[in-house]
Structure formats: C-alpha cells, structure tokens
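Geometric and topological summary
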Amino acid sequence: MQARPPPTVLRTVPFAHYSVAWSPFHPNLIALASAANFGLVGNGRLHLASIGAMSPEAHLNKSYDTQDGLYDSAWSEIHENQIVTASGDGSLKLWDITLNVSIHTYPSPDLPIRAWHEHTREAFSVDWSNIEKELFASSSWDGTIKIWSPDRPSSIRTIAAHSTCAYQALFSPHSPHHIVSCSTDGTLKIFDLRTPTPAPGSGPLAAPAPAALTVPAQGTEVLSLDWNKYRPFTIACGGVDRRVTIWDCRMVNSAGPGAAQVGGLLQSEMRGHEYAVRKVQWSPHHADIIASASYDMTCRVWTTSAAPPQPTLRSIHDLHTEFVVGCAWSLFEEGVLASCSWDCSVHVYRPDIM
Amino acid sequence: MSTQSQSLGSDITASSAYEGFNSYDFASDETFQQGLSSIIGPIQEGGGSVDDSTVGRAKAFYFSKVTGQDISWDGYLAWREANGLGTPSSAHPTQEPEPKTTDPSVSTGSGGMDDAPLPMSFSAIAELISTGNLHLVPNNKLIPDGLNSQEPSKPQQKVPRKPWEAAIDGSTA
C-alpha cells in the first residue's frame, strides 16, 4: 500500500474538539468548537485557524473563550467575518472575528456581538441556511429546533421536534421549506416550515410538532445526519448502532404540505465502525462520497451508489488517539477533509479515495 | 529645551520604574504573597474567580508602596506594549503553553501528539465533579456575560457558490 502524505495537524491542548467547520468565504480558514475537560465542566473555546492539506504549516489565528463548552459552530452565509456557536449552557453566540483582544481591554475577554439563550438544555448543533441566507437553525438536548435571524433578539420559530435530545438539525440544501433533525429516539424527522407551528403548549408537555416525514432510521440514538448535495431528499445518518445508513426521503416532497408520513426507503448501509458514529458528511463535490467520524478513533471515507456494488470503504484515517467527533470537507479544495478529535487535534488531509 | 528634557526625564524615570516592576520577584516576596492571599482568598471562597487584572493591580499597589515609585497596572501594560513585550507571561497562570505547530514531529505517524502536555484525564475530572471539588477543575474561569461594545465589521463579500450549485448551474446551462 502506497504511503499517504501525513496530515497537516493543529493542536489546541487542553481544549478537546466537538466540531470543525470550513469557512464558505475563505479557502483555508476553519473554525473549531471545543471544550475543556471533555465538555464535562469548564470553559469552551472557539478556535479560528488557517490550515490546508498542501501546507505543512497550520496557524492558529485567534480564539474566543466562553463560560461553557462549545459543541458546534456555523459560519454565516451573508457575512464573511461572522460565525455562530452552540454551547453546553444552551446559549447561542454570534462572533465577529475581526474584533481583537486589545491590551487596553485585557484581561477582559473578547465578547460575542450577539447572544441568545432560549434553549433549556445543551445547544448541540447550529446550521446556517444556504438558501435563506439570513436564517440559521439550532438544535438542543431540550428536543427543540429553533430558527433564528442574526438581527432578531429572539428566535423566529420553535419546533418541538423530539421528546428527547435533538442532536443535529440541518436545512435542506435544495428546498427552502425543509429542515431535518435526528435524535436519541432513533428517528430522523423532516419538518415542512410551511406547516404552522402548534400553539405553544404548557412547558415540557407541549405537543410535539407534526413531522412531514418520520424515518425510524436506527434502533438507538442517531447522533448525526447530512443531506446529499446532489440527490435531493437523500439523507445519511449515523449513531450508536455503528452503522451509517442512507435514506431516500423523496416521498416527503410528493405528499405535499400538511402530510405526516412515516417511512423513508433504506437505500444502503455501511458497516465497519467499531463504536458509535458521531458525525457524517457528504462530499460537496461528489454525489457518491461520504465521510464518517467515530468514537472508534477513525475517520472513514466511503463511496456510495444506489445500484450495486454496495457502498465501499475507501479510506481509514487512524492517526487520532481519541474519539473522532467531527469531520468536514473543504468547499474549495476538492477531496480535502478535516477531522477533529478529543485528542485536541485537527487533521487536514487528502484521503486516498479513487 | 528645558520642557523637552523635563518630559524626557520623566519618561526615563517612569520607564526605569516599570523595568524594576517588570523584574521584581513577587513570587519570593512573602509579605506580598501574604497580602495577596488576604485579597484573593475571600473572593475564591465566595465562589468567584480571580482574574489576572486583580493580581496585577495588587502587585502595582504593593510595588508603589514599597519603592515609593508611583506606577499602575494599566501603565505597566501600556509600557509593555510600547516596548514590544506583549502580554505579560505571568498574566496567564492557568493557560497551557500553546503547542508549536511548526514542530517537525507534527509530520510523524503519531499525529504529532508525542510531546503534547497531557490534559487531566476524563476519569480524574469525573472524580473531581463527583466529589464536589469543582474548584479544582482546570480551565473553568469566569467569563463575563455581555456583548462586545466594539463596532462589528461590515460584510464586503458575496459568498461563493457552493460546488453543487456551480455543478447544477453548469449542467443546466
């Protein structure tokens, strides 16, 4: 087997990572959401770094400290210098990365330019809409999805999506009306934003929002999902049962607004991870390539095609020494992948796929 | 002329005072350490955290009193900045050293983790939490609530099309 070049590595000891995100504006800029003490207790830190697969150098540009651990971040699609973070205390914060720590304000830390605190438990994911670029969404262990605009002081909408943790929520890259979430309850749920939200109920007993499509995807917790960028309403997910499964959910689109279906067609599945799959992400450049990160300390790349041959494992990155919790494909450099880990390091490399 | 030399003289005096302050060994000064613990002890017992500024101001106050040279912590920070010295290293007592990313070991098969300082283990932290010793957990400082008072930047760029948007445009063109 031909030796691959080593990854470009950036370490952020003692902050363990929870997610990595590439800037949609700047080719080599990444954001790392992280937490001290494995997110159990203590501060969070948002790291901004310049890093690329072709350069041995990685440079930590800047970091922002938060009271509680950071679990996710999403770059603004309308402002090249802004990014929103999700925190363990349920708060969301919007940062302007041009604002610097000054000797004159030291030791006051740099503060966010906006902050929201509506989630009653850990805010675990954030996603900026690529279609309605003034909107972003958050999901929380309180079971809700919330839709936000950076200019508004409170959320635009709350969807009581699950009765347990909503680990991730993502806007469809093809339809402005659809958002999908995954949960402890083993389901994927696609919500149609044209369906009115039920009147606010009383506290935690509020009736769940009707999902346009509920996919009983896995028998245990579903930790991560992603929309295929080239096949509308094809969704991959991964979780505690160690599989990555791919679901054809096009039926949600044919049924029209107001329908509440249960189903989804299992297209294929990928087995091989030895522990839970913590993150899945489709390639932005290819319909048939997906990466998965796992608590088994590996990040894997698979080719998927609906027709036989079934999904094939193409690459295993096994240089992390702790849980691999995030992975993200570069939007600018085709085939370049970043993976981040509880080992406090992010690796950027070009997996050997073809 | 006399005005100029006067102001120059006062700069030199202040500068030498800050040089003295900069090299003063507070760690071995028992009088200072006792005074410092009487200041920060109650804060920590009250559940608060002591920031670098509190310690710095205490040092400046003590130094002025002992030497008769009137200096301030803010003045010291400005003096460091003016002399290209950056943030005082002693002002980061809890911060781990940042790893050098240019270290050749980053290219090794171990992912460059050979020489990384080891954070406290998961089980050690869980033990501290379960035994109620939260104050011993590292990297748990108090970050103020509030928003940045500086003016945010103005957006100047339009976001590039995503690869799949460009591909779809290309195929339908």
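Residues numbered from 1 in each chain as written. Chains lettered and ligands numbered in written order. Predicted model: local features only at pLDDT ≥ 70, side-chain atom pairs only at ≥ 80, totals over all residues. Heavy atoms only, no water.

This brings us to the environment of Ser-330 of chain A. All names here are of chain A. With respect to the helices and strands, Ser-330 occurs in the loop between strand S27 (324-329) and strand S28 (337-341). Ser-330 sits in the buried class, given a relative accessible area of 2%. In sequence terms Ser-330 and Ala-255 are 75 residues apart; their C-alpha atoms lie 35 Å from each other. Filtering out sequence-adjacent residues up to four positions away, Ser-330 remains in contact with Trp-22, Pro-284, His-285 and Val-336. A distance of 3.1 Å separates the side chain of Ser-330 from the backbone nitrogen of Phe-332, its partner in a polar contact. (Helix = DSSP H or I, 4+ residues; strand = E, 2+ residues; numbered from the N terminus. Buried < 20%, exposed > 50% of the residue type's maximum accessible area, 1.4 Å probe, protein only. Contact = heavy atoms within 4.5 Å. Polar contact = N/O pair within 3.5 Å; in protein donor to acceptor, adjacent residues only side chain to side chain.)

With that settled, consider the interface of chain A and chain B. Contacts between the two partners involve 63 residues from chain A, matched on the other side by 60 residues from chain B. When the two sides are added together, the surface that chain A and chain B hide from each other amounts to roughly 5,200 Å², 61% of it contributed by carbon and sulfur. A salt bridge links Asp-65 of chain A to Lys-141 of chain B; its shortest N-O distance comes to 3.2 Å. For the side of chain A that touches chain B, the secondary structure elements donating two or more residues are strand S1 (8-11), strand S5 (58-66), strand S9 (114-116) and strand S29 (345-349) of chain A. For the side of chain A that touches chain B, the element with the most residues is S5 of chain A, which contributes 4 residues. Classifying every residue of the side of chain A that touches chain B gives 34 nonpolar, 17 polar and 12 charged. (Buried area = accessible area lost by both parts, 1.4 Å probe. Salt bridge = Lys/Arg side-chain N within 4 Å of Asp/Glu carboxyl O. Nonpolar A, V, L, I, M, F, W, Y, C, P; charged D, E, K, R; others polar.)

Residue and element names in this part refer to chain A. Applying the stated criterion to the full structure yields 25 aromatic pairs over all chains. Taken together, a centroid distance of 5.2 Å and an interplanar angle of 40° make the contact between Phe-38 and Trp-342 tilted. Of this pair, Phe-38 sits in the loop between strand S3 (29-36) and strand S4 (44-51) while Trp-342 sits in the loop between S28 and S29, and the two are 304 residues apart along the sequence. In terms of burial, Phe-38 and Trp-342 fall into one category: buried. (Phe/Tyr/Trp six-rings, centres within 6.5 Å; stacked < 30°, edge-to-face > 60°.)

All names here are of chain B. On average, residues of chain B score 70 in pLDDT, and 69% of them reach the 70 mark or higher. Counting contacts from residues 1-10, a segment whose pLDDT is below 50, to residues more than four positions away or on other chains yields 0 contacts. Considering only residues more than four positions removed or in separate chains, one finds that residues 90-116, a stretch of pLDDT under 50, has 43 contacts. Predicted complex, confidence summary: ipTM 0.90, pTM 0.76. (pLDDT = per-residue confidence, 0-100.)

With that out of the way, let us pick up the UniProt feature "repeat: WD" (unreviewed entry) in chain A. The residues that UniProt annotates with the feature "repeat: WD" (unreviewed entry) are residues 83-105, 116-158 and 270-302 of chain A. In this annotation, residues 270-302 of chain A is assigned 0% helix and 52% strand; the end-to-end C-alpha distance for the span is 8 Å. (UniProt positions renumbered as here; feature names shortened; annotations may be inferred.)

The next point concerns the environment of Arg-231 of chain A. Residue and element names in this part refer to chain A. Inspection of the secondary structure assignment puts Arg-231 in the loop between strand S18 (222-227) and strand S19 (234-239). Given the relative accessible area of 30%, Arg-231 is considered partly exposed. For Arg-231 and Asp-248, which are 17 residues apart along the polypeptide, the C-alpha to C-alpha distance reads 9.1 Å. Arg-231 has contacts with His-174, Ala-287 and Asp-288, leaving out every residue within four places of it along the chain. A polar contact is formed between the side chain of Arg-231 and the backbone oxygen of Ala-287, at a distance of 3.4 Å.

Moving on, we come to the sheet that holds strand S12 (residues 144-148) of chain A. Residues and elements named next belong to chain A. Pairing is antiparallel in the open sheet, where 4 strands are placed in the order S10-S11-S12-S13. This sheet does not close on itself; its edge strands, each paired only once, are strand S10 (123-128) and strand S13 (157-160). Each adjacent strand pair in this sheet contributes to an overall mean axis angle of 20°, direction not counted. Note: S12 against S13, 4 bridges, orientation antiparallel. (Pairing = 2+ DSSP bridges. Axes fitted to C-alpha atoms, helices over the stretch in contact; angles between N-to-C directions.)

All names here are of chain A. Of note, Ser-125 is situated in strand S10. We classify Ser-125 as buried; its relative accessible area is 1%. Within the structure, Ser-125 has its side chain in polar contact with the side chain of Ser-139 (distance 2.8 Å). Of note is the side chain of Ser-125, whose polar atom sits 3.1 Å from the backbone nitrogen of Ala-169.

As a further point, take the pairing of strand S11 (residues 136-140) of chain A. Residues and elements named next belong to chain A. Here S11 lies mainly inside the structure; 5 of its 5 residues are buried. Here S11 shows no split at all, with Phe-136, Ser-138 and Ser-140 on one side and Ala-137 and Ser-139 on the other all buried. The pairing of S10 with S11 spans 5 bridges and is antiparallel. The partner of Ala-123 across the bridge, within S11, is Ser-140. Strand direction decides the pairing type here: S11 and S12, joined by 4 bridges, are antiparallel. Paired with Ala-137 across the two strands is Ile-147, which belongs to S12.

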